[in-house]
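Take a look at the letters that make up each chain.
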Amino acid sequence: MTTKDKYKKVAYYPGCALEGTGHSYNRSTKAVGKALGLDLVEVENWNCCGAMEVKNVDPKLQTYLSSRVMSVAVNEMDMDVVMAPCNGCYHNLKKAEYDLKNDAESVEVVDRLSKKAGHKTYESGQVETIHALDWIKDAIGEDGLAARVRNSLSGIKVANYYGCMYTRPRHIFPEKDAGPGSESTSKPHFMDDLLAAAGAENVEFPLKTACCGGAHTLSDSDTSTKLVLNILKAAKLAGADVIATECPTCHTGLEMHQIRAEKTLGETVDIKILYFTQLLGMALGLKPKKVGVHENISDSISFLKQKGLA
Amino acid sequence: MPIHEKSLIRPENLKTHEQLVIDGVDVSGHWSTFIEPRVVTDYNEALEEEISALPGGEHIHRCWQCGSCTNSCTVNAINEDFNPRYWIYLIRMGMESELLRDKDIIWQCVSCNKCTYACPRDVFPEGVMKATSHWLERKGHTPKSPSMHFDEVFTEQIIKTGKIEESRTIRRFFSRTKQGLFQDWMIEMVMRLLKHLPIGLLTRMGMATLIAPRTRNWSGAANAMQEYIAEQHEKQEQALTLAQLVDVAREDAAA
């Protein structure tokens, strides 16, 4: 089976954020999948992957939590591809996969915890974890996408923001930096490729993989505000109208600290923040409501109207 | 961002005299700034071992001080006192009192993993930062950082229900760190959100705050994780008494 066919039906792992503050990412991912004829089967009775917090209590606990999700996918649903749109979930599943392949102690702990919890132990290699970007890029491709565009994003200048966890650390993503066609960890381009296929104009954005301070968004808000402000200003300077995001932590962080910068530092940066799936969905002819634009904290409706998308 | 080694000199050790003549040589002014020497005597020989025993610190011994971590560091770019390379050096040398000078900022690592990406020796400096902040807290050098409070609230909720419901986590975090939830910017954010938020989503979010989303049949996993945490904690506690063992050994040797 080619990758194209393999990704037509995948296990969908939305994760906790996509049921809360990142609901618009959930809505738009499902809507885009539907519009493209791709099948998403939600992982049954999933649990949190451990996000960015559990590893600080104990890294192997996070490995266990992520492994359980993959165990459910393979053992209870007979699925071999898990698609996670959230960078945090995607990263943690990849990290668990790496550790279970390379670290005997992690294998032992995960096996012990799985047995005590009463489910089958996940073994490395049983599941392939992919991001929503891989999913659309491989199952549909740029040409396929371009052929389905009804409402071109032409005239919209986009800064593509990938954040930390999609590319770092490099060793947990063995398929990246693997020659032509593969994703780059230093200068990722999958989101650029997809949005360009939908007609958008990507600006040269040097902070693609900069950190938004998401880990300390509430526990060290001043640092987060400074980091977000850097990102917003750099995107604006690069000439972008919109920052396209692919992670609910980054997205909510950018929106929250855009407001916080305004309130606490008096710095206003007028730039829109949308999930890449929201932009793609509208390009495929979906109304803004269908892709959850009204569920974002920031208000982009008048901008979208002006660009003929709403 | 270059490494500013100069910033490692304590400001109080920089001496500039407006008028000073030593042995007939005029050493007044900025061009004759002195750096006062200091003597370090209180080495903690167990420091590296102790930090290696905490999760994340395991590979600190691999460091060869190239500085790639500090060079790539997100936090260093906004605060040059945040210097992972230097802290790794101090830990490996056992210079505890020097490390303690920066005790209140080490927890601010944002886990962006740029250091891990850049490190040619697989030290995993991000993990070392976490291990070091845990060490500081467990040795009683610092109170629990806001970040650690957040991690704990978060982990407790996962162990309890299997999932995170954000508003619950946020409320517990604010109450545990004794901060008011109704900060200016927070109110502004909610107001803006409410302006365009549809009733359907509002109801769903309201329901989630009343009834926490749960993973079914979770108690087995919850118990297994709690047991594991307790077991690890015990092991780490033992490792953290290494310094005392060194002292005992030294006394024995002297006797």
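Since the structure is predicted, the reported quantities are computational estimates derived from the model, not experimental observations.

**Let's talk about the overall build of chain B**
Consideration 1: The secondary structure content of chain B amounts to 12 helices and four strands.
Consideration 2: For 255 residues, the compact-globule estimate of 2.2 N^0.38 gives 18 Å, and the C-alpha radius of gyration of chain B, at 24 Å, exceeds that figure by more than 25%.
Consideration 3: Along the three orthogonal principal directions, the C-alpha set of chain B runs to about 85 × 55 × 35 Å.
Consideration 4: Across the 255 residues in chain B, those meeting the buried criterion constitute 31%.
Consideration 5: Residue pairs at least 24 apart in sequence account for 66% of intrachain contacts in chain B once pairs closer than 6 positions are excluded.

**A word on the domain arrangement of chain A**
Residue and element names in this part refer to chain A.
Consideration 1: The domain boundaries assigned to chain A delineate domain 1 (3-131) and domain 2 (150-306).
Consideration 2: Between the C-alpha centres of domain 1 and domain 2 there is a distance of 23 Å.
Consideration 3: Between domain 1 and domain 2, the residue contacts involve 23 residues of the former and 28 residues of the latter.
Consideration 4: Those elements that place two or more of their residues in the side of domain 1 that touches domain 2 are α2 (23-35) and α5 (87-102).
Consideration 5: When residues in the side of domain 1 that touches domain 2 are grouped by element, the largest group, nine residues, is from α2.
Consideration 6: The class makeup of the residues in the side of domain 1 that touches domain 2 is 10 nonpolar, 10 polar and three charged.

**Re the sheet that holds strand β2 (residues 39-42) of chain A**
Residue and element names in this part refer to chain A.
Consideration 1: Read across the open sheet, the four strands follow the order β2-β1-β3-β4; overall the sheet is parallel. A strand with exactly one partner marks an edge of an open sheet, and here the two such strands are β2 and β4 (128-131). Adjacent strand axes in the sheet meet at a mean angle of 40° when their direction is disregarded.
Consideration 2: In terms of strand pairing, strand β1 (residues 9-12) meets strand β3 (residues 81-84) through two bridges, oriented parallel. Across the sheet, Ala11 pairs through a bridge with Val82, a residue of β3.

**A closer look at the interface of chain A and chain B**
Consideration 1: On the chain B side, the residues contacting the 47 residues of chain A number 50 residues.
Consideration 2: Secondary-structure elements contributing two or more residues to the side of chain A that touches chain B are α3 (54-57), α4 (59-76), α6 (104-117), α10 (221-237) and α11 (248-265) of chain A.
Consideration 3: Taken together, the residues that form the side of chain A that touches chain B break down as 21 nonpolar, 13 polar and 13 charged.

**Details of the environment of Ile158 of chain B**
Consideration 1: In this fold, Ile158 of chain B is placed in helix α7 (residues 146-161).
Consideration 2: For Ile158 of chain B and Thr215 of chain B, which are 57 residues apart along the polypeptide, the C-alpha to C-alpha distance reads 9.4 Å.
Consideration 3: Contact partners of Ile158 of chain B, with chain neighbours within four places excluded, come to Cys48, Val54 and Leu65 of chain A together with Ile164 of chain B.

**Section: α10 of chain A**
Residues and elements named next belong to chain A.
Consideration 1: Here α10 is 17 residues long and its end C-alpha atoms lie 24 Å apart, about the 24 Å a rise of 1.5 Å per residue gives.
Consideration 2: Burial in α10 covers these residues: Ser221, Thr223, Ser224, Thr225, Leu227, Val228, Ile231, Leu232 and Ala235.
Consideration 3: At its buried positions, α10 is contacted by β5 (157-160), β7 (242-245) and α11.
Consideration 4: Just past α10, the residue Gly239 takes up positive phi, approximately 95°.

**Thoughts on the pairing of β2 of chain A**
All names here are of chain A.
Consideration 1: Two elements, β1 and β2, share four bridges in a ladder whose sense is parallel. If you follow Tyr12 over to β2, its bridge partner there is Glu42.
Consideration 2: With respect to chirality, the unit in which β1 leads through α2 into the neighbouring parallel β2 is right-handed.

**Remarks on helix α11 (residues 219-239) of chain B**
Consideration 1: Here α11 of chain B is 21 residues long and its end C-alpha atoms lie 30 Å apart, about the 30 Å a rise of 1.5 Å per residue gives.
Consideration 2: Those residues of α11 of chain B lying buried are Ala221, Ala224 and Met225 of chain B. In a view along the axis of α11 of chain B, the buried residues occupy a sector of 95°, so they form one face of it. In α11 of chain B, the exposed positions that point more than 90 degrees away from the buried face belong to Ser219, Gln226, Ala230, Glu231, Glu234, Glu237 and Gln238 of chain B.
Consideration 3: Those residues of α11 of chain B hidden inside the fold are in contact with α4 and α6 of chain A together with α7 of chain B.

**Brief notes about the domain arrangement of chain B**
Accessible area lost upon the coming together of the parts serves often as the stated size of an interface.
Residues and elements named next belong to chain B.
Consideration 1: One can read the domain layout of chain B as domain 1 (5-35), domain 2 (42-142) and domain 3 (144-198).
Consideration 2: In this structure, domain 2 and domain 3 have C-alpha centres spaced 28 Å apart.
Consideration 3: At the interface, four residues of domain 2 touch four residues of domain 3.
Consideration 4: Tallied by class, residues from the side of domain 2 that touches domain 3 come to one nonpolar, two polar and one charged.

Parameters at a glance
- Residues numbered from 1 in each chain as written.
- Chains lettered and ligands numbered in written order.
- Predicted model: local features only at pLDDT ≥ 70, side-chain atom pairs only at ≥ 80, totals over all residues.
- Helix = DSSP H or I, 4+ residues; strand = E, 2+ residues; numbered from the N terminus.
- Rg over C-alpha atoms; globule rule 2.2 N^0.38 Å.
- Buried ≥ 20, exposed ≤ 12 C-beta atoms within 10 Å, placed from the backbone.
- Contact = placed C-beta atoms within 7 Å.
- Domains from an automatic or database assignment.
- Nonpolar A, V, L, I, M, F, W, Y, C, P; charged D, E, K, R; others polar.
- Pairing = 2+ DSSP bridges.
- Axes fitted to C-alpha atoms, helices over the stretch in contact; angles between N-to-C directions.
- Expected span 1.5 Å × (residues − 1).
- Right-handed = clockwise from strand over helix to strand, strands pointing away.
- Arc of directions from axis to C-beta.

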